[in-house]
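# Overview (structure and organization)
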Amino acid sequence: MEIRLIRHGKSSCDFSKRITSWDYREWVIKYGEAGICDEAPANVQRALKDASIVFTSDFKRAIDSAQSSVAIQSDSIYREIELPYYNVKFLKLNPRIWTVFYRFLWLIGFSKKVENKKRAKRRAKTAAQQLEDSARKHGTVILVGHGFFNRYIGNTLTKRGWTLEGNKGTANWTILTYTK
């Protein structure tokens, strides 16, 4: 059995403007709705075409990234882990910096108005179980998802006896292959 976790393609959302934390919250919503601005490399296209079933989160960038596959099933359970947000009006930063800052806060336990680590791990266990059940049925399954939540699913799979083969990166279009 094989489960492949693929991180979506590069988002078409604008990362160049410095924004306040309040504007960042709006930016995150646009990021969730944005598609991708690059094409999948040949190895990803091949994997998607060869798969009998491909799961994605329900975010547009994940769905768009899986377009070369035959059978796509989208589900909100595979969404990226949300970030907390705070209203800091006096500071303008690049969206990437806000993301790192808020992810750090989330990791150390600040999860204001969003899913906390305990719930995210529980959701990752459910998602991993769904992928594992599908792999038993289909042999190989693919999830086109998001960097951080894919990592949580991967950690769950490893704890369940799956082995990560080869690439361990987190860049866009990275394929993490787990076998059992």
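In what follows, the accompanying structure is described. Residue numbering note: each chain is counted from 1, following its sequence as written. Per-residue local features are limited, in this predicted model, to residues with pLDDT of at least 70; the limit for side-chain atom pairs, both in listing and counting, is 80 or more; totals at the level of whole chains, interfaces and linings are taken over all residues. Only heavy atoms go into the side-chain values, all of them from the structure, while hydrogens and water stay out.

## With respect to the side chain of Arg-123
Going by this rule: Helix and strand assignments follow DSSP, with helices taken as H or I runs no shorter than four residues and strands as E runs no shorter than two, numbered in order from the N terminus. Whenever a nitrogen or oxygen atom comes within 3.5 Å of another N or O atom, the pair is scored as a polar contact, on the condition that within protein one atom can donate a hydrogen and the other can accept it, and that pairs from neighbouring residues in sequence are kept only if both atoms are in side chains. Residue contacts follow a heavy-atom distance rule, with two residues in contact if any of their heavy atoms lie within 4.5 Å.
Mapped onto the elements, Arg-123 comes out in helix α5 (residues 117–138). At a separation of 2.8 Å, a polar atom in the side chain of Arg-123 contacts the side chain of Glu-115. Setting aside chain neighbours within four positions, we find Arg-123 in contact with Ser-76, Ile-77, Tyr-78, Arg-79, Glu-80, Ile-81, Glu-115 and Phe-149.

## So, the layout of surface pockets
We count it as follows: Space inside and on the surface of the protein is sampled on a 1 Å grid over the protein atoms alone, with a cavity defined as a set of points where a 1.4 Å probe fits but cannot get out and a pocket as an open set with protein on both sides within 12 Å along at least 5 of 7 lines; lining residues have an atom within 4 Å of a point. Grid points are joined across faces, edges and corners, and a volume is the space filled by probe spheres set on the points.
Empty space within the largest pocket amounts to approximately 940 Å³. Considering the residues around the largest pocket, the lining is formed by 32 residues, among which Tyr-31, Arg-61, Glu-80, Thr-99 and Arg-103 are closest to the centre. Those elements giving two or more residues to the lining of the largest pocket turn out to be α1 (21–33), α4 (95–107) and α6 (147–159). With eight residues, the single largest contributor to the lining of the largest pocket is α1.

## Looking at a nonpolar patch on the surface
Applicable threshold: Like charges are joined within 9 Å and nonpolar side chains (Val, Leu, Ile, Met, Phe, Trp, Tyr) within 5 Å, but only among residues with over 30% relative accessible area and no salt bridge; these make up the patches. For every accessible area listed, the method is Shrake-Rupley and the probe measures 1.4 Å; residues are considered covered only by the protein chains on display. For salt bridges, the criterion is a side-chain nitrogen of Lys or Arg within 4 Å of an Asp or Glu carboxyl oxygen.
Residues Phe-104, Leu-107, Ile-108 and Phe-110 make up a contiguous nonpolar surface patch of about 390 Å² in total accessible area. One can find Leu-107 in helix α4.

## Quick word on α4
Note the threshold: The span expected for a helix works out to 1.5 Å for each residue beyond the first. Between buried and exposed lies partly exposed: a residue is buried under 20% and exposed over 50% of the maximum accessible area for its type, with that area taken using a 1.4 Å probe on protein chains only. To obtain the arc, one takes the directions from the helix axis to the C-beta atoms.
The terminal C-alpha atoms of α4, which comprises 13 residues, lie 18 Å apart, in line with the 18 Å expected from a rise of 1.5 Å per residue. Along α4, the residues classified as buried are Pro-95, Trp-98, Tyr-102, Arg-103, Leu-105 and Trp-106. What you see down the axis of α4 is that its buried residues fit within an arc of 160 degrees, all on one side. On its buried face, α4 is in contact with α1, α5 and α6. For α4, the N-terminal capping position is held by Asn-94, with its side-chain oxygen 2.7 Å away from the main-chain nitrogen of Arg-96.

## Side note on unusual backbone geometry
A positive phi angle, close to 65 degrees, is found at Lys-113, a residue other than glycine. Within the secondary structure, Lys-113 sits in the loop between α4 and α5. A relative accessible area of 62% places Lys-113 in the exposed class. Positive phi, normally seen in glycine, also occurs at Trp-173, with a value near 75 degrees. The topology assignment puts Trp-173 in the loop between β5 (163–165) and β6 (175–179).

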